[in-house]
Every structure is written in structure tokens, then in C-alpha cells.
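The lines below spell out each chain.
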Amino acid sequence: MTDHVIENRPRTDPADSWAPKLVALDIDGTILDHDQRLTDRVRTSVRAVAELGTHVVIATGRSLHETLPVLDRLGLVNGWAVCSNGSVTLRLDPTLPEGYEVADTITFDPAEVLNLLREHLPTALFALETRAGEFLLTAPFPPGELEGPHTRVAGWEDLCVEQACRVVVRSPDHTSDEFLELTRSVGLHGVNYSVGWTAWLDLAPSGVSKASALDAIRDRLGVDADSTLAVGDGRNDIEMFGWAGQAVAMGNATDDVKVHADVVTGTVADDGLAEVLEKLLVR
């Protein structure tokens with residue numbers, strides 16, 4: 001993780017007395033459930049908030065190619081999106097040939113950290129996300145994870161010489177807590193890291209996170225820090241919670257994530273995001 005200091009927050013509902021100018025939304029576990037289901041209620045609430053003139057910014061760990069279909073499903077065609085945990089920022093514009101342009105891309109040299117982690121995790125699967133949003137894999141990932149036309153198996157040396165937006169490490173032999181202990185013990189230098197629900201480790205350029213990318217977008221839009229709302233459910237959302245004027249954790253988040261939020265809403269299965277956004281529509 002980066003060196004941001006985030007205090008435990010009071011449990012107050014931001015929607016009770018306050019309306020944001022920018023809303024940052026995680027995708028998996030927040031907009032979509034773990035079966036990739038998007039309910040009509042969530043879709044309607046997201047679009048309605050955008051139609052109020054509020055800047056709705058998707059902020060996700062997904063790559064560019066994994067994010068675009070979700071933007072289409074939500075009907076978001078203008079504005080901004082943060083991909084790859086902050087390494088890639090998109091500007092959405094329906095007048096552009098592809099409907100978007102890549103506004104910012106941040107990469108790092110992954111060779112040192114790749115070799116360090118392979119030494120400690122010899123049975124792990126590794127994937128590197130390139131500037132173009134392609135994934136180079138050391139071996140196929142399980143079905144439903146990092147598959148499709150933008151992935152291919154490559155040699156270890158290919159990963160080590162490519163500039164990376166992100167490196168993903170998956171080790172089914174380890175728990176997420178064991179991953180956290182490993183990252184602390186080996187000392188990952190020059191990268192930012194986030195551990196997922198299972199033995200899944202995301203590595204990004206140093207100082208890069210959803211929060212850092214959102215901060216740049218907020219500056220571009222001229223929005224005050226206090227006028228921002230963030231909703232998410234994962235450990236990679238904690239820094240985004242610290243960035244936001246008000247932060248909401250999904251009910252399906254773990255306790256170590258919830259403690260950094262101002263309020264906890266319902267789970268993704270109960271349309272917890274819609275509960276938050278619908279309160280913004282009655283002002």
C-alpha cells in the first residue's frame with residue numbers, strides 16, 4: 001500500500017445532508033455482483049445521478065478492455081473512468097472514433113519485483129498488463145479470470161522486459177493474509193500493492209492507486225475535495241475512501257475495509273449502491 005494515513009471514520013450517512021459533485025464507483029462487488037449481474041435498479045440509479053449533472057467516474061481494478069463493456073451496460077458515454085487500479089485513465093467522448101481516449105497511462109519496470117516474487121512463490125501464476133491493455137500470462141488462469149482475446153501466454157523473459165501498468169499474482173496455495181505477510185516480509189520497493197479477496201496480489205507503479213488517478217480527474221474538473229463521494233467494497237478501495245469527501249462501503253466488504261468508510265450500505269445482492277444513489281436523487 002502507499003503511505004496514505006487514513007483514520008477510522010464516524011458512522012454518518014453522507015446522503016442525509018450533502019450532495020456530491022463527483023461520484024466514484026467501484027465495479028466488482030459494488031456495481032456488479034460476483035456473477036457479473038447488473039440489476040435494473042442499480043443501472044437506473046447510476047444513470048439518473050449522471051443525468052443530474054454529477055460527474056460519475058468508474059474506478060476499478062479492471063483493465064481498459066474489461067471496463068469498456070461495463071460502461072456500455074451502464075450507458076455512460078461522457079466523462080472519465082479509472083482502470084487498472086489507477087494506472088490507466090480514460091476520457092469518454094461519444095464523438096471520438098472509439099468513444100474514448102486514453103488520457104493517462106503510468107507504467108513501471110517489473111523485472112525486479114517479478115523475480116523476487118517468483119523466488120518466494122514458485123507455483124504462482126503471474127500476469128502482466130501492458131500499456132495497450134493486453135495481459136501476458138505465465139500460464140492460463142482459471143476459467144473466468146484473465147481470459148479472452150486480450151490475453152496470451154508468454155515466456156518469463158517476455159514479462160520481465162515489458163513495461164507494466166500492473167502485475168497480477170495468483171497463488172491458490174496461499175490465503176490473502178499470507179499474501180499480506182509476504183509483501184511485508186520481502187519489502188516491495190517501487191510499487192504499490194493491493195491484496196484481494198483470495199490469494200490475488202495486484203502490483204501497480206509506486207504511488208499509483210484509484211485515489212491518485214481520481215485526484216487528477218478531480219483537479220481537471222475543478223471539483224472541491226469535500227464534494228466527492230466514493231463507493232466500494234475491496235481493499236483496493238481503501239485509499240479511494242481516504243481521497244473522498246465522503247466514503248461508503250458496501251455491506252459485502254470485509255470489516256478491515258468497512259472501518260475506513262463513513263457509512264456502510266447494503267450488500268451488492270441487496271442493491272446497496274442504489275440505496276446510496278437514490279438518496280441523491282430526491283434533493
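What counts, and at which threshold
Residues numbered from 1 in each chain as written. Predicted model: local features only at pLDDT ≥ 70, side-chain atom pairs only at ≥ 80, totals over all residues. Heavy atoms only, no water. Helix = DSSP H or I, 4+ residues; strand = E, 2+ residues; numbered from the N terminus. Buried < 20%, exposed > 50% of the residue type's maximum accessible area, 1.4 Å probe, protein only. Areas by Shrake-Rupley, 256 points an atom, 1.4 Å probe, with all protein chains shown as cover. Lys, Arg positive; Asp, Glu negative; His and termini not counted. Charge placed at Lys NZ, Arg CZ, Asp CG, Glu CD. Core = buried A, V, L, I, M, F, W, Y, C linked by side-chain atoms within 4.5 Å. Contact = heavy atoms within 4.5 Å. Expected span 1.5 Å × (residues − 1). Arc of directions from axis to C-beta. Patch = residues over 30% accessible without salt bridge, like charges linked within 9 Å, V, L, I, M, F, W, Y side chains within 5 Å. Salt bridge = Lys/Arg side-chain N within 4 Å of Asp/Glu carboxyl O. Pairing = 2+ DSSP bridges. Axes fitted to C-alpha atoms, helices over the stretch in contact; angles between N-to-C directions. Parallel < 35°, antiparallel > 145°, perpendicular 65-115°, else oblique. Left-handed = near helix turned anticlockwise from the far one by under 90°. Nonpolar A, V, L, I, M, F, W, Y, C, P; charged D, E, K, R; others polar.

Moving on: the overall build of the protein. Helices and strands together make up the secondary structure of the protein, namely nine helices and 14 strands. Each of the 283 residues in the protein was classed as buried or not, and the buried ones make up 54%. Carbon and sulfur atoms make up 49% of the accessible area of the protein, which amounts to about 12200 Å² in all. A gap of 4 Å separates the mean positions of the 23 positive and 45 negative side-chain charges of the protein.

Attention now goes to the nonpolar core. By size, the foremost hydrophobic cluster in this structure holds 36 residues, and its most contacted members are Leu-25, Ile-31, Val-46, Ile-58, Leu-90 and Leu-273. Contributing elements (two or more residues each) for this core: strand E1 (22-25), helix H1 (40-51), strand E2 (55-59), helix H2 (64-74), strand E3 (79-83), strand E4 (88-92), strand E12 (228-232) and helix H9 (272-280). Among residues more than four places away in sequence, those in contact with Leu-25 are Ile-31, Val-46, Val-56, Val-57, Ile-58, Ala-59, Val-231, Leu-273 and Leu-277. By size, the runner-up hydrophobic cluster in this structure holds 27 residues, among which are Ala-154, Leu-159, Tyr-193 and Leu-201.

Its twelve residues place the ends of H1 16 Å apart at the C-alpha level, agreeing with the 16 Å of an ideal helix rising 1.5 Å per residue. Looking at H1, one finds that the buried residues are Val-42, Ser-45, Val-46 and Val-49. Along H1, the residues classed as buried sweep out an arc of 100 degrees about the axis, all on the same side. Looking at H1, the residues exposed on the side facing more than 90 degrees away from the buried face are Asp-40, Thr-44 and Glu-51.

With that out of the way, let us pick up a nonpolar patch on the surface. On the surface, Leu-52, Leu-281 and Val-282 cluster together into a nonpolar patch covering about 290 Å² of accessible area. Here Leu-52 lies in the loop between H1 and E2.

What follows is about the sheet that holds strand E8 (residues 151-153). If you walk across this open sheet you meet the six strands as E8-E7-E6-E9-E11-E10, and the pairing is mixed. Every interior strand has two partners, whereas the edge strands, E8 and strand E10 (191-195), have only one. Strand-to-strand, the axes of this sheet are offset by a mean angle of 20 degrees, without reference to chain direction. As judged from the four bridges shared by strand E9 (residues 166-170) and strand E11 (residues 200-205), these two strands associate in the antiparallel manner. Looking at the pairing, Val-167 lines up with Leu-203 of E11.

Moving on, we get to the sheet that holds E2. The strand order across the open sheet formed by eight strands is E5-E4-E3-E2-E1-E12-E13-E14, and the pairing between neighbours is mixed. On the outer flanks of this sheet lie strand E5 (100-105) and strand E14 (263-264), each paired with one strand and no other. Bridging between E2 and E3 involves two bridges; their strand directions are parallel. Paired with Ile-58 across the strands is Ala-81, a residue of E3. Where H9 meets the sheet, its contacts fall on E1, E12 and strand E13 (246-249), and the angle it forms with E1 comes to roughly 175 degrees.

At their nearest, the axes of H1 and H9 sit 9 Å apart, and the two run at 30 degrees to each other. Between H1 and H9, the interaxial angle falls into the category roughly parallel. Once H1 is placed against H9, the crossing between them reads as left-handed. Contacts between H1 and H9 pair Arg-41, Val-42, Ser-45, Val-46 and Val-49 from the former with Leu-273, Ala-274, Glu-275, Leu-277 and Glu-278 from the latter. Its residues assigned to classes, the contact of H1 with H9 shows six nonpolar, one polar and three charged.

Our next topic: unusual backbone geometry. Positive phi outside glycine occurs at Gln-36, with the angle close to 70 degrees. Mapped onto the elements, Gln-36 comes out in the loop between E1 and H1. Classification of Gln-36 by relative accessible area gives partly exposed; the value is 34%. Here the phi dihedral of Asp-271 falls at roughly 60 degrees; this positive angle occurs in a residue that is not glycine.

Let us now look at the environment of Ala-24. Its place among the elements puts Ala-24 in strand E1. Each residue touching Ala-24, except ones within four places of it in the same chain, is listed here: Val-57, Leu-214, Leu-229, Ala-230, Val-231, Met-240 and Trp-243.

Taken by themselves, the reported measurements are silent on function.
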